[in-house]
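Close look at the chain arrangement
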Amino acid sequence: MIALLRRDLTLAVRAGGGFGLGVAFFLILCALVPFGVGPDTTALQPIAPGILWLGALLACLLSLDRIFALDHEDGSLDLLATSPLPLEGAVAVKALAHWITTGLPLILAAPLFGILLHLPGQAIPPLLVSLLLGTPALSMLGAFGAAITVGLRRGGLLLSLLVLPLYIPTLIFGTEMIRRGQEGGATATPLLFLAGITAGTLAVIPFAAAAALRVNLR
Amino acid sequence: MSIWEYANPVKFMRTSGAILPWVVAGAAVCTVTGLVWGFLTPDDFRQGSTVKIVFLHVPAAMMAINIWVMMLVASLIWLIRRHHVSALAAKAAAPIGAVMTLIGLITGAVWGQPMWGTWWEWDPRLTSFLILFLFYIGYIALWSAIEDPDSAADLTAVLCLVGSVFALLSRYAVFFWNQGLHQGASLSVQSGERMSAVYRYPLYLTMLGFGLLFLSLLLIRTRTEIRRRRLAALQAREMRA
Amino acid sequence: MIELGKYAGAVIGAYGLSLALLGGLIWQTLAANARARHALERQESRG
């Protein structure tokens, strides 16, 4: 499993932009928003949590189809399926690799972009915690969507159609947590919900994704 | 005699063909009578004539949820017992469910405009219906995207399972996110203020009518799918010969 | 003719749109069914 993780990470780095591309997209999105809504602090501050979460969500979505597509093309996915490593484990590792290459850089960059959008300082810790708790669920659900659409030629658009509705609960609780942090309220309730969704997703979705992969490899 | 006998496509075709005229007749009678009766009810003292929209809005909304549940059950049966009719029934039900959701949303919007002064409000009930509609769209899109019928059935069934969990999760998440404008259930047994009998009986009739309408459409669409499947099998056999 | 009062547009619009959607769905269902049945009959009579 560790070998698989190392291989995926190496591939992502070698392919170029594995780490940087998502963050660059995130930066562009955060830079474009003020052009759309105006540079006022009063206009930007209330929507900053939503923009940051939506940016993270879309940046995550962009790189989803790469989770299985390349391995499916060169046949290494079939090797994975026949290897002693259970396919569920392989899916989890792939999702983890996706999270490390896109989720983690996003989290590290998010405070900076929060400042760009005039997010007050007291909202930065909830922002970090919510992203840290929420993005693993995004990667795992994305892996599920990628597993379902791996055999399709034009799966990209369908993938977003399937995956985005699944992101709604995470998005709601993530932004709610930052908003409450911004207003100085108690963040425990959304935090617990967010953690619960992520834990449930990590526990159950690998099985669904592996089942979908097995169907696609049949 | 067990219910699993209907998993045999031939048996299903014969039985559904026999009961279909009765179901269609029942659906037509109940829906038309219910809607006409509903249209003739007196105006509500607060809502005026808009109260007549309830006879479309409530049955459509109810069916939208029930059809998703039916698809979930059919998907589970397909995944566990591998009965093709079950998978095809789930496929056949999805567009009906999507149309029912759309009717619920549209009638709700048209009703909300004069009552709440807005076509759309990000209210928990409205929002979760929109999310349900998105799930229907994704499900239908996935069915039409995959060529191999058995893989399509498997993958959509898995999607339906995961989607059900997340649709339910979204439903409770949006309650957390925004408090609503929409009134509570009008027909629930617990609620103190109940609908007057003038509206209740035609509403029951349209609910029954929409249920039968769904059943007849479902039977016809499933028969279509079975015929298409048989046609494809015959053509494949001819190609090989 | 029943009196719909000032909300006539809303009521008629809601009924009209819903019945149009239902009608479209029923038409599509019947048309697809007829097409499948004819194609199948043609295939069966040929083979």
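Going along each chain's sequence as written, the residues are numbered from 1 onward. Each chain is given a letter, starting from A, and each ligand a number, starting from 1, according to the order in which they appear as written. Totals for whole chains, interfaces and linings use every residue, but because this is a predicted model, local features are given only for residues with pLDDT of at least 70 and side-chain atom pairs only at 80 or more, for both listing and counting. Neither water nor hydrogens contribute to the side-chain values; these are computed over all heavy atoms in the structure.

All right, on to the arrangement of the chains then. Considering every one of the two pairs of chains in contact, the largest contact total is recorded for chains B and C. Chain C makes no contact with chain A, the minimum C-alpha separation between the two being 23 Å. Contacts are assigned to residue pairs with any non-hydrogen atoms lying within 4.5 Å of each other.

How large an interface is tends to be reported as the accessible area lost when its parts come together. Facing 26 residues of chain B, the contacting portion of chain A comprises 27 residues. With both chains or domains summed, chain B and chain A bury close to 2,200 Å², and 83% of this area falls on carbon and sulfur atoms. Throughout, buried area stands for the accessible area (probe radius 1.4 Å) lost by two parts on being put together, summed over both. Interface area lost by chain B to chain A is led by Leu 155, Phe 166 and Phe 176 of chain B, which between them contribute 29%. Here, a salt bridge means any side-chain nitrogen of Lys or Arg that lies within 4 Å of a carboxyl oxygen of Asp or Glu. One can count zero salt bridges joining chain B with chain A. To qualify as a helix, a DSSP run of H or I must reach at least 4 residues; to qualify as a strand, a run of E must reach at least 2; elements of each kind are numbered from the N terminus. Broken down by secondary-structure element, the contributors of at least two residues to the side of chain B that touches chain A are helix H4 (124–145) and helix H5 (149–177) of chain B. Take the side of chain B that touches chain A: its biggest share by element is 15 residues, from H5 of chain B. In terms of residue class, the side of chain B that touches chain A is made up of 18 nonpolar, four polar and four charged. Classification convention: Asp, Glu, Lys, Arg as charged; Ala, Val, Leu, Ile, Met, Phe, Trp, Tyr, Cys, Pro as nonpolar; all other residues, Gly among them, as polar.

Attention now goes to empty space enclosed by the protein. With a 1 Å grid spanning the protein atoms alone, the term cavity applies to any set of points in which a 1.4 Å probe fits but cannot get out, the term pocket to an open set with protein on both sides within 12 Å along at least five of seven lines, and the term lining residue to any residue with an atom within 4 Å of a point. Grid points are joined across faces, edges and corners, and a volume is the space filled by probe spheres set on the points. Overall, the coordinates contain one cavity of 30 Å³ or more when judged by the stated rule. Contributing to the lining of the largest cavity are Leu 161, Leu 162, Pro 165 and Leu 166 of chain A together with Trp 68, Leu 134, Phe 135, Gly 138, Tyr 139, Leu 159 and Gly 163 of chain B. Of all the elements in the fold, those that place two or more residues in the lining of the largest cavity are helix H8 (155–166) of chain A together with H4 and H5 of chain B. Of the residues contributing to the lining of the largest cavity, the split by class is nine nonpolar, two polar and no charged.

For the rest of this paragraph, the subject is unusual backbone geometry. All names here are of chain A. Positive phi is not limited to glycine here, since His 118 has a value of about 60°. Within the secondary structure, His 118 is located in the loop between helix H6 (87–116) and helix H7 (124–149). Relative accessibility decides the category of a residue: with a 1.4 Å probe and only protein chains considered, values under 20% of the type maximum give buried, values over 50% give exposed, and everything between is partly exposed. For His 118, a relative accessible area of 32% translates into the label partly exposed.

Residues and elements named next belong to chain B. UniProt positions are given in the numbering used here, feature names are shortened, and annotations may be inferred rather than shown by experiment. In the numbering used here, UniProt assigns the feature "transmembrane region" (unreviewed entry) to residues 20–40, 60–80, 92–114, 126–146, 158–178 and 198–220. Along residues 60–80 the backbone is 100% helical and 0% strand, and the end-to-end C-alpha distance reaches 30 Å. The annotated region residues 126–146 carries 95% helix and 0% strand content, and the separation between its end C-alpha atoms amounts to 31 Å.

Facing the 28 residues of chain C at the interface are 37 residues of chain B. Roughly 3,000 Å² is buried in total at the junction of chain C and chain B, and carbon and sulfur atoms are behind 75% of that figure. Summed over the shared surface of chain C and chain B, the result is one salt bridge. The shortest N-O distance in the salt bridge between Glu 44 of chain C and Arg 230 of chain B comes to 2.6 Å. Identification of polar contacts relies on pairs of N or O atoms within 3.5 Å, with a donor-acceptor requirement for protein atoms, meaning one able to donate a hydrogen and the other able to accept it, and with residues adjacent in sequence counted only if both atoms are side-chain atoms. Across the contact surface, chain C and chain B share seven residue pairs in polar contact (both at pLDDT 80 or more). Residue composition of the side of chain C that touches chain B, grouped by class: 19 nonpolar, five polar and four charged.

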